[in-house]
Amino acid sequence: MTRAPAKILEQAILCEKDIKWIDYNKFTKPQSIAKGGFGYVFKCELKDLNVEVIHKCPKFDNTLNEKTIKKLIGDFIKEHSRNILIHQGNPKIADLGASKQVNEASMTSDSEVFGVLEYTDPHCIEYGEDKRRNREEPIESTPSQYLELYKKCWDHDPDNRPETNLIPNTLENIIRDEAQIEEGMKNLEGAQSSDLESNREGEVLAQIGMIETQNETHEFKEALKLYVKPRGTWNVPIIKTSNDKEEMDDEKKEEGDVEEVVERFLTSKDKLTSHDKEILENAANEFLIDQDKTLLIKKINGFFEPENQLTLEDRSVMNIAADQFFVLKGKKALMLLKMAAIEFLESPKEGTLKDITSNLLESSYKRQNYGPSFKRNLDLVHQITIEDERALKKASNDKDLVTTANELLTLKAKEVLETALNKLLTLKRKKVLLILGSGGTGKSTFNRYLARRLWECAKNDLTQSAPLFIALAPLEGLINKNQDFIEAYLGERGKLSPDQIKELRNRKFVFILDGYDEIAERDRHCYDSNMFTEWKNAKIIISCRPEYLDEDSGKRFWPKENGKKGFQELTLTPFSWAEIEQYIKNYVDYSKKNNNKLLWNADRYIQEIKTISQIEELVCNPVLLKITLTILPDLRKRGMSQINRIVLYDEFIKKWFERAQDRLQKIQLKKEEKEEFVRLKEGFTNHCLQFGKQFASEMFVNSKVVVNYDPINEITSEWAKFLGNTVVKIRLIRFSMPLFRRGNQYWFFHKSLRDYLISCALIDSFKNTSQITLLNKQSIIPEPAIQQFLVEQIQQMPEYIQPLLNFIEHSKMNPNIQIASANAITVLSRASTQLPVNLNNIRVPGADLNNGIFNYLQLVRADLDHVNFQNAKLQSANLEGAFLQATNLQNAKLQDVNLTGANLSGANLRHSNLQGANLQNARLQNANLEGASLQDVNLTGAYLTGANLQDANLQNAKLQNANLEGASLQDVNLTGACLTDTNLRRSNLQGANFQDSYLKNVKFEGASLRVPDFRRFVPNTDLGDIYF
């Protein structure tokens, strides 16, 4: 029988001591002032203290059971203190009747709100308590300190929330820090704007006479005005099919608008938006009806950009998720969860529902024969949370239980698809874009254009990515140094403090790194050695000339987070005729607007260019097109019809110096400058050309693209002879050079000008075959652009071939000339020049002879260490006793080559063809011969310790007395091979084929070899002669 509310309350006071007791007689007569959901509110005085107090009397419905009344008493005690608020030092009562009584008609069966609540998350009021876990996502670029503050404020435990009086101080600190960061960003934006105004972040040198700063427009300042949208090629994933069956992942090459590809790269998502979730939910519901996963996967593929389409592996992941979704939405899953919930509610101990469900799943699987797919796909067990248990506990009857369980399963099923898809989006999100293009194809112009556009978008919208355009050449001392490169850059250029930089790590950035080919240390892992992982919200765009990267260099740009999946490569294509014509029209229009008189109009330019057959492949390069437009009218006026790249650069540089001379005549000079200029007038262009070649040569010898020169140390600096201000002649000539300056840094406004001038200086040095010649001071191997200029020069002027051959011949007797000799043979090989047959004893270590033809040549005892012979042809060449340590012979053709006694330690012979080659007594320690063709090769007495011969073909090879200790011979073919007295100790011979091989006195101690397999190949061999 239910006890009266008064008795229950008395019991709570006297026995359970839940409420502090004050005798009712100690109060004056109460005066009613309000009533609320919990009861009535009175005002009265405490007689002994003459203190006015508020008296709150709970009201109960006598029909309520004891359990409900006890709960109401507890709630009354809990909520009472929270309804007293302090306003301007005075206590105020919050609860004045706004709430409803528990048994009023409008209340639902699961309502538990009585009286006025303290502040409650609106989501909890509107959707129920379980929504507390679904907080809104922070707005992008919200300061991390503010994120931390408001997350503390909504902590479920009030004790973990910050004190109210501390919040204003915290906000003030955040505002102050943000102001400092914004100031730093403005500084950085200013620096960026200055950098983007000029090519390669510079300003034209100008400090002559009375003019401190000369705002002279250089030849390429209008680059952005002449900008034509570039096109490029890139790879997109596809799935190869055969007989309508998907077989394997593959790639195909696409061509199109570079801007569109970059935009997709920048905006690729790593999680579903609310709109995406709606699309996915609709597609999933359709899947439930038609049960066609193909349509669902097709819809899912639509969330990915073309460069990121689903692979077979990705589809497998989503197929599993789709199966799980289907099972979770089925009746069997609902029945299982209902059974588990009923058992759980009998003894609702927190955290046990997961175990109960797991046990039921196991027993149901065995008892009802649901099949393995149901057990595998029902991912319910691992997803059950404490919040789920609480939601099920609220169900007051069987109908509510089914409804709640069904809602939970619907939520779980939705989460299964969304979670799997979000994981794929994150895994496949591109973080690094490598833009490739040969010199002058417009990489830097596009990068500056992109940075300008992104700055405009980011100025007034913090959710947009802020670009950082960074020319790498002037910052070579910071890049690839195993430090946070961006932090170092922001500190130097933006003058930001470490704390400000730390805060910026949460912002969205696009780092545009221009000119990776212009730094020396390109062999390090770019992503890791610059600690780009510290910038989680950044995208990275890197531009580079492809010839400065080797075959596998793409891996060095892979992001640490998701490797190859996070990397994309884009190659700029040469201008088409449509783009050439558009560029010409832009050039003519721009010249007219700036009052620059041109001899030809756009149609005349187009007509003249089309009539010169040799020039067509040149003008598809934007830089060469610009040079052509500058000088072509003069060339045609002089009747010149034979035009090539060397002619273009030669004429352009001369025209530059002629214009520089005109400028010097017009500007105000000091007296001593005027006098020096008069002396320079005779042969002015030649003086400038010699200065340019000397300065470029010094850069070459010191491996510099950018020169740092501090005028304070002018006396001791090696660069003072070019960049010092003491000598008037030098000052005037330097002013006339196509150089840029930023602070104490100097460089040519386009790297191709530096490379061209270096090639001219090297040509001049051919006359001197001594060891002090420029050709012998530095290797040209790391400088493919210089190599190409030299190749073109000797192809046009064959008289330069013999001087190069002389360097090679002199190296036979003079080891000190080997750098020049290696440079010479590299150029001759690239120029496809026929070499003399007798190259015995030459010294060309480190030469780059890839794809060269050296069949039948005599290279006995030649020093070929570290030479690159990749894809070269050396059939029947004689390399007896040659030095080939660490030489790259990958994919080389070496049939019938004689390598007797040659030293090939550490050489790379991967997939090379050595059929019939003679390698008797050759030294091949640690050489890589993986997959090499070595049929009928003579390796008698050869040293192959530690060599890699995996998958190599040694059919009928002679290996008598050969030492292969510790060699890797997995899956090697030794059919018919002769292995008398061969040392195979500690070698790996798993999968090796010894069919019909001859083995006598072979040493196998410690080798990895299964005797039964070995016996299968050589059943008649006397194992007594073999040492296992």
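Position numbers for residues start from 1 in each chain and track the written sequence from start to end. A pLDDT threshold of at least 70 governs which residues receive local features in this predicted model, and a stricter bar of 80 or more applies before side-chain atom pairs are shown or counted, although totals over entire chains, interfaces and linings include all residues. Calculation of side-chain values draws on the structure's entire complement of heavy atoms; hydrogens and water are dropped beforehand.

The protein chain has the name NACHT domain-containing protein in an unreviewed UniProt entry, where Gigaspora margarita is given as its organism.

1. Concerning helix H6 (residues 258-267)
Residues spaced three or four apart along an α-helix face the same direction, because each turn holds 3.6 residues. Each residue is assigned to one of three classes by its accessible area relative to the maximum for its type, calculated with a 1.4 Å probe on protein chains only: buried under 20%, partly exposed between the two thresholds, exposed over 50%. Each helix is a run of DSSP H or I of at least 4 residues and each strand a run of E of at least 2, with the numbering of both proceeding from the N terminus. Judged by how many residues are buried, H6 sits mostly within the fold: seven of 10 residues are covered. Along H6, the residues classified as buried are Val258, Glu259, Val261, Val262, Arg264, Phe265 and Leu266. Polar contacts here mean pairs of N or O atoms no more than 3.5 Å apart (in protein, one a potential hydrogen donor and the other a potential acceptor; neighbouring residues in sequence count only if both atoms are side-chain atoms). The residue sitting at the N-terminus of H6 and contributing the capping side-chain oxygen is Asp257; that oxygen lies 2.8 Å from the backbone nitrogen of Glu259.

2. So, the pattern of salt bridges
Each reported salt bridge corresponds to a side-chain nitrogen of Lys or Arg within 4 Å of a carboxyl oxygen of Asp or Glu. What the rule picks out here adds up to 34 salt bridges. Among the ionic pairs, Glu651 bridges to Arg638, the shortest N-O distance being 3.2 Å. Placement of the pair is Glu651 in helix H23 (residues 645-666) and Arg638 in the loop between helix H22 (622-637) and H23, with a sequence separation of 13 residues. For Arg731, the salt bridge is made with Glu673, and the minimal N-O distance between the two is 2.8 Å. You can see Arg731 sitting in helix H27 (residues 728-735) and its partner Glu673 sitting in helix H24 (residues 671-680), a full 58 residues away along the chain. Taking the relative accessible area as the measure of exposure, Glu673 reaches 1% and is therefore buried.

3. A few points about the confidence of the model for the protein chain
Detailed reading of the predicted coordinates is not advisable wherever pLDDT is low. Across the protein chain, the average pLDDT comes to 81, with 80% of residues at or above 70. Values of pLDDT, which run from 0 to 100, indicate the predictor's confidence residue by residue. Between two residues, a contact is recorded if the distance between any of their heavy atoms is within 4.5 Å. Note that residues 125-133 has pLDDT below 50 and, in this model, 11 contacts with residues that lie over four places away or in other chains. Across residues 1021-1025, confidence stays below pLDDT 50; counting only partners more than four residues off in sequence or on other chains, it has nine contacts.

4. Quick word on the pairing of strand E9 (residues 432-436)
Here E9 lies mainly inside the structure; five of its five residues are buried. Two strands are said to pair when DSSP picks up at least two bridges between them. In this sheet, strand E13 (residues 567-572) lies alongside E9 in parallel orientation, the contact comprising five bridges. Residue pairing in the sheet places Val432 in a bridge with Phe567 of E13.

5. Thoughts on the side chain of Thr533
Here Thr533 lies in the loop between helix H18 (526-529) and strand E12 (538-544). Contact partners of Thr533, with chain neighbours within four places excluded, come to Tyr527, Lys560 and Glu561.

6. Describing unusual backbone geometry
You will see that Met531, though not glycine, has its phi angle at about 55°, which is positive. Secondary-structure assignment places Met531 in the loop between H18 and E12. Take Met531: its relative accessible area is 30%, and that puts it in the partly exposed class. Even without being a glycine, Ala886 presents a positive backbone phi close to 55°. On the secondary structure map, Ala886 appears in the loop between helix H31 (818-830) and strand E17 (978-980). Since its relative accessible area comes to 34%, Ala886 is described here as partly exposed.

7. Brief notes about the environment of Glu476
Mapped onto the elements of the fold, Glu476 is located in the loop between strand E10 (466-471) and helix H16 (485-493). Residues Glu476 and Glu521, spaced 45 residues apart in sequence, show a C-alpha to C-alpha distance of 8.4 Å. Setting aside residues up to four positions removed in sequence, Glu476 forms contacts with Lys481, Ile519, Ala520 and Glu521.

8. Remarks on the sheet that holds strand E1 (residues 31-35)
As summarised here, the arrangement of the three strands in space is E1-E2-E3, forming an open sheet in which the pairing is antiparallel. At either margin of the open sheet sits one strand with a lone partner, and together these are E1 and strand E3 (51-58). Put simply, the sheet's adjacent strands are angled 30° from each other on average, direction ignored. Pairing of strand E2 (residues 39-46) with E3, which is carried by eight bridges, proceeds in the antiparallel orientation. Residue pairing across strands places Cys44 opposite Val53, the latter belonging to E3. Note on definitions: angles span 0 to 180 degrees between N-to-C directions of axes, and those axes are lines fitted to C-alpha atoms, for helices only across the stretch in contact.

9. What to know about the pairing of strand E15 (residues 739-742)
Bridge analysis of E15 against strand E16 (residues 745-748) gives four bridges, and the strand direction is antiparallel. By the bridge assignment, Arg741 is partnered in E16 with Tyr746. Counting the residues that bridge the hairpin from E15 to E16 gives two residues, and of these Gly743 lies at a positive phi of roughly 65°.

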